[in-house]
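Chain and residue survey
Residue strings, one per chain:
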Amino acid sequence: MSALAKLGKIEEAIAELRMLEVAKPPPDVLAESLSGLADAAMGASQVDLALAFSDRAVAAKPQARFYKQRASILQRLERYADAQEDLARAQQLETGTIR
């Protein structure tokens, strides 16, 4: 997570993300940045924004931890069926039953 995101400066962190995207970083770097922004948005009670960042993290690098993060956000939004799907996907990735 960027220092700006940790400080709760969401708008500045988003600007930093835009500059990062211009550089076309590897998917894992982009996903980590998006995940950090999702955490910061959750900390600022901006749940819809957190979900948008989490969706992008999953799209950039579909790993179990990003699905788990999104499941947590979906639960906060009371979207329990969607959260359960993400948790199932995360488990499949962790156990190697899908790639």
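About the thresholds
- Residues numbered from 1 in each chain as written.
- Predicted model: local features only at pLDDT ≥ 70, side-chain atom pairs only at ≥ 80, totals over all residues.
- Heavy atoms only, no water.
- Axes fitted to C-alpha atoms, helices over the stretch in contact; angles between N-to-C directions.
- Helix = DSSP H or I, 4+ residues; strand = E, 2+ residues; numbered from the N terminus.
- Parallel < 35°, antiparallel > 145°, perpendicular 65-115°, else oblique.
- Left-handed = near helix turned anticlockwise from the far one by under 90°.
- Contact = heavy atoms within 4.5 Å.
- Nonpolar A, V, L, I, M, F, W, Y, C, P; charged D, E, K, R; others polar.
- Buried < 20%, exposed > 50% of the residue type's maximum accessible area, 1.4 Å probe, protein only.

Here the focus is the packing of helix α5 (residues 64-76) against helix α6 (residues 80-95). Packing of α5 against α6 brings their axes to within 8 Å, and their N-to-C directions diverge by 165°. In terms of orientation, α5 lies roughly antiparallel with respect to α6. Between α5 and α6 the crossing geometry is left-handed. Together, A64, Y67, K68, R70, A71, L74 and Q75 of α5 and Y80, D82, A83, D86, L87, R89, A90, L93 and E94 of α6 make up the contact between the two elements. Of the residues belonging to the contact of α5 with α6, the class tally is nine nonpolar, one polar and six charged.

Once that is clear, we can look at the environment of E85. Looking at the element boundaries, E85 is found in helix α6. Taking the relative accessible area as the measure of exposure, E85 reaches 55% and is therefore exposed. In sequence terms E85 and A71 are 14 residues apart; their C-alpha atoms lie 8.0 Å from each other.

Two elements in contact, helix α4 (residues 47-60) and α5, have axes whose closest approach is 9 Å; the angle formed by their N-to-C orientations is 155°. Regarding the angle of α4 to α5, the classification is roughly antiparallel. Pair α4 / α5 crosses with left-handed handedness. Two secondary-structure elements touch here, α4 through V47, A50, L51, S54, D55, A57 and V58 and α5 through F66, Y67, Q69, R70, I73, L74 and R76. A breakdown of the residues in the contact of α4 with α5 according to their chemical character gives nine nonpolar, two polar and three charged.

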